[in-house]
Amino acid sequence: MNKISNFATAFKKTSKYIKKHQTTYSLNLVLVIVSVILNLVQPLIWANTIVSIFKSEFIEVYKYCAFMVGFYFLQALVNYVQSLLASHLSEEITFDLKSEMYHKLMGLPMKAFDDTPAGELISRLQYDPEAVADIVINKFTLLLVNILKFLTVIVIMFYLHIELTLVTLTLVPFSIGLFFFSGKLMRKQMMAISVLKDKFFSHIQESFTGIKTIKGLNIQEVRKLEFNNILNILKKKSITTRNYSALSQNISQFFMFCTQVAIILAGSLFVLKYKTLNIAFFLAFNNYSSQFTSSVMEIMGLNSSLQQMAVSIQRILHLQENFDLKEETSGDIHKILTGRVKFINVSFAYDIRTPVFKNINVEIYPNSMNVIIGPSGGGKTTFLNLLLRFYQPSSGLIEIDDINIDDLSVLTIGEGISIVAQDSFFFNDTILNNLLLVNADASLEDVYMICAQAHIHDFIITLPEGYSTVIGDGGSNLSGGQRQRLAVARALLKKSKILLFDEPTSSLDRESQQFINEIMLNLSREHTVIVITHNYSNLHNADHIFYINNGEIIESKEDEINLVNARYV
Ligand SMILES: Nc1ncnc2c1ncn2[C@@H]1O[C@H](COP(=O)(O)OP(=O)(O)O)[C@@H](O)[C@H]1O
Ligand SMILES: [Mg+2]
């Protein structure tokens, strides 16, 4: 993205959010302008007061002083209301941006999450909307004030003395050049800093979720070293950026002082030699020219904020642009009724260099028990991922109830299919809430009954807090087998037509394995059940057995499988 389109997109993007709060924003701007005018009028009133003092008009002086008290009160009031409005606006816009961004992130295809570490997403969600909101409201207001001041003062200066104004304006090209040059340098640094912040968050996030592995492998020192490295580069980049900012501000301040010297030199010529300027007006001019230079300085100071905004907007947009959102959000609402599944000439690859499926054809019948077996890494989980529409096939089509799944809404698929994944995830909430999350209408009796079916109820009621026990981040307070059974209960509670089980009995003892097998078999009377398993005792229950290997899927008979299974048990 080049500089212009960068800013153009930034403005377009943010104007949408401002529009929503148009009245407040306009009122905010009006108050800012009033405040600027009050500031410009102030010296005039003081000047008149001083004139009265010189004329010894005491009553007038008292009147002016009383007037000034009222004037300052008004100014304080205006500034107070304006700052209230500004904080209100920036909080509102932060809210809008964050909420919309979260919403969009949740809708991104699975590929986006494969490619982007969670910490990076957290970092973007946290920092970028805040930066944009602050800049749009507070920094833009400041920019506007200074541009207004800059323009009015130029007009007044031209009115006072044209040649002297031209001398003052020599400052402008220098400042513009410096503005763009240092802006470019700063933006590069800021982009690098944002990327480093993403790494920083990813590192922290990984360290805490992977803490057991880190301690288990005793790699704390390596992790610490890596963390310090990130911090160190972050520190250096931040110092460099501040350095650029300070350098450009001080260089422009130096230009400003030089301009003032030039004004005094030229002014003294006009006053003393050419006599085209009266000394009183020269003093007034000097006052305005210093206001002019200070507004130029302020605008220069806002450069880093503008660059930050360009960077943040680019980062907010980037995630959405890089992934096609359409595929996830389209589709009709439809209730999955029969649960018939068809894969027609489906090919798929996570990475084009290593295809997972080559032209597979499968039909899975309603109310049947289907077992998928095959070597590890063969594509069994991927088969379920495609059915859940987590990924798009590179060719071919997948149908549920004879409808292309691309034409089904996310909601339809989400409601119609339940999965007990290989690694079940739970939220840091009570057992009951984790279960009700998938079916808020379920009664307590339903929950107890289903947990009993999944052979987890007896365990839950032995816990001191029973169903109100908080199960810890990701369900870490439970054993592998308990987690697995709870995941089965959760899937059953959802009452979907199609039920997927990805190695559901892998971490269970023999007795629980049998229970789960029975449950799955019972379910297959009214549901389409697809089970990935390494447990060959499942085979004789199956209506259909599929063998996935080498990019192919073949329907097999139990006895054929038993011949080859020794290799994979
Ligand atoms: N998210 C992913 N991104 C890239 N490659 C993946 C991803 N998930 C799985 N794979 C690869 O796809 C192949 C099939 O994986 P998977 O379906 O998980 O096998 P399994 O049969 O053991 O369940 C493997 O080679 C694996 O490395
Ligand atoms: Mg798998």
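Note that this is a predicted model, so its numbers are computed, not measured.

1. Overview of the coordination of the magnesium ion (ligand 2)
Phase 1 of the analysis: Only Thr381 (OG1) and Gln422 (OE1) from the protein coordinate the magnesium ion (ligand 2), and they sit 2.0 to 2.6 Å from it. You can see Thr381 sitting in helix 13 (residues 380–387) and its partner Gln422 sitting in the loop between strand 6 (417–420) and helix 15 (431–436), a full 41 residues away along the chain.

2. Description of the sheet that holds strand 7 (residues 498–502)
Phase 1 of the analysis: Strand order in the open sheet made by the 6 strands is 6-7-8-3-9-10, with mixed pairing throughout. Only two strands of the sheet have a single neighbouring strand rather than two, namely strand 6 and strand 10 (552–556). Adjacent strand axes in the sheet meet at a mean angle of 20° when their direction is disregarded.
Phase 2 of the analysis: In this sheet, strand 9 (residues 544–549) lies alongside strand 3 (residues 369–373) in parallel orientation, the contact comprising 4 bridges. Opposite Ile373, over in strand 9, you have Tyr547 as the bridge partner.
Phase 3 of the analysis: On top of the sheet, helix 18 (residues 480–493) reaches strand 6 and strand 7; it is set at about 175° to strand 6, its chief contact.

3. Points about the site of ligand 1
Phase 1 of the analysis: Within the structure, ligand 1 sits among Asp114, Tyr350, Val356, Pro375, Ser376, Gly377, Gly378, Gly379, Lys380, Thr381, Thr382 and Tyr391.
Phase 2 of the analysis: With respect to ligand 1, the side chain of Tyr350 contributes an N or O atom lying 3.5 Å from a nitrogen atom.
Phase 3 of the analysis: For ligand 1, an oxygen atom lies 2.7 Å from a polar atom in the side chain of Thr381.
Phase 4 of the analysis: Burial of ligand 1 by the protein amounts to 60% of the accessible area it has alone, namely 560 Å².
Phase 5 of the analysis: Top contributing element to the shell around ligand 1 by residue count: helix 13, with 3 residues.
Phase 6 of the analysis: In terms of residue class, the shell around ligand 1 is made up of 4 nonpolar, 6 polar and 2 charged.

4. Regarding helix 18
Phase 1 of the analysis: With 14 residues, helix 18 should reach 20 Å at 1.5 Å per residue; the first-to-last C-alpha distance of 20 Å fits that figure.
Phase 2 of the analysis: When helix 18 is considered as a whole, its buried residues turn out to be Gly481, Gln482, Gln484, Arg485, Leu486, Ala487, Val488, Ala489, Arg490, Ala491, Leu492 and Leu493.
Phase 3 of the analysis: On its buried face, helix 18 sits against strand 6, helix 15, helix 16 (444–453), helix 17 (457–462), strand 7 and helix 19 (510–523).

5. As for the packing of aromatic side chains
How two aromatic rings sit relative to each other is given by the distance of their centres and the angle of their planes.
Phase 1 of the analysis: Scanning the model with the defined rule gives 16 aromatic pairs in all.
Phase 2 of the analysis: Ring centres 5.7 Å apart and planes at 80° place the aromatic pair Phe200 and Phe201 in the edge-to-face group. As far as burial versus exposure is concerned, Phe200 and Phe201 are alike and both buried.
Phase 3 of the analysis: Here the aromatic rings of Tyr448 and Tyr467 are separated by 4.9 Å at their centres, their planes lie at 45°, and the arrangement is tilted. Placement of the pair is Tyr448 in helix 16 and Tyr467 in the loop between helix 17 and helix 18, with a sequence separation of 19 residues.

6. Quick notes on the packing of helix 6 (residues 162–169) against helix 10 (residues 279–301)
Phase 1 of the analysis: Closest axis-to-axis distance for the helix 6/helix 10 pair is 11 Å, and the angle between their directions is 25°. Regarding the angle of helix 6 to helix 10, the classification is roughly parallel. Where helix 6 crosses over helix 10, the two elements pack in a sense that is right-handed. Contact residues: helix 6 offers Leu164, Thr165, Thr168 and Leu169, while helix 10 offers Phe282, Phe285, Ser289 and Phe292.
Phase 2 of the analysis: Counted by class, the contact of helix 6 with helix 10 contains 5 nonpolar, 3 polar and no charged residues.

7. Quick look at the confidence of the model for the protein chain
Note: predicted coordinates in regions of low pLDDT should not be interpreted at a detailed level.
Phase 1 of the analysis: For the protein chain, per-residue confidence averages 86 on the pLDDT scale, and residues scoring 70 or more make up 92% of the total.
Phase 2 of the analysis: Throughout residues 325–329 the model reports pLDDT below 50, and contacts reaching past four residues in sequence, or to other chains, amount to 12 contacts.

8. Here's the deal with helix 10
Phase 1 of the analysis: Under the 1.5 Å per step criterion, the end-to-end length of helix 10 is 33 Å for 23 residues, consistent within 8% with the ideal 33 Å.
Phase 2 of the analysis: For helix 10, the full list of buried residues reads Phe282, Phe285, Tyr288, Ser289, Gln291, Phe292, Thr293, Ser295, Val296, Met297, Ile299 and Met300.

9. A short note on the sheet that holds strand 4 (residues 395–400)
Phase 1 of the analysis: Strands sit in the order 2-1-4-5 across an open sheet of 4 strands; the sheet is antiparallel. Lying at the two open borders of the sheet, with one neighbouring strand each, are strand 2 (354–364) and strand 5 (403–404).
Phase 2 of the analysis: Together, strand 1 (341–351), strand 2 and strand 4 form the strand contacts of helix 13, whose direction differs from that of strand 1 by roughly 115°.

10. Description of a nonpolar patch on the surface
Phase 1 of the analysis: The grouping of Ile33, Ile37, Val41, Leu144 and Leu148 at the surface amounts to a nonpolar patch, some 340 Å² of accessible area in total.
Phase 2 of the analysis: Of all the secondary structure elements, the ones that give two or more residues to the nonpolar patch are helix 2 (22–54) and helix 5 (118–160).
Phase 3 of the analysis: Within the secondary structure, Leu144 sits in helix 5.

Here is what the cut-offs are and how they apply
- Residues numbered from 1 in each chain as written.
- Chains lettered and ligands numbered in written order.
- Predicted model: local features only at pLDDT ≥ 70, side-chain atom pairs only at ≥ 80, totals over all residues.
- Heavy atoms only, no water.
- Donors = N, O, S within 2.8 Å, 3.2 Å for Na, K, Ca; no water.
- Helix = DSSP H or I, 4+ residues; strand = E, 2+ residues; numbered from the N terminus.
- Pairing = 2+ DSSP bridges.
- Axes fitted to C-alpha atoms, helices over the stretch in contact; angles between N-to-C directions.
- Contact = heavy atoms within 4.5 Å.
- Near = heavy atom within 4 Å.
- Polar contact = N/O pair within 3.5 Å; in protein donor to acceptor, adjacent residues only side chain to side chain.
- Areas by Shrake-Rupley, 256 points an atom, 1.4 Å probe, with all protein chains shown as cover.
- Nonpolar A, V, L, I, M, F, W, Y, C, P; charged D, E, K, R; others polar.
- Expected span 1.5 Å × (residues − 1).
- Buried < 20%, exposed > 50% of the residue type's maximum accessible area, 1.4 Å probe, protein only.
- Phe/Tyr/Trp six-rings, centres within 6.5 Å; stacked < 30°, edge-to-face > 60°.
- Parallel < 35°, antiparallel > 145°, perpendicular 65-115°, else oblique.
- Left-handed = near helix turned anticlockwise from the far one by under 90°.
- pLDDT = per-residue confidence, 0-100.
- Patch = residues over 30% accessible without salt bridge, like charges linked within 9 Å, V, L, I, M, F, W, Y side chains within 5 Å.
- Salt bridge = Lys/Arg side-chain N within 4 Å of Asp/Glu carboxyl O.

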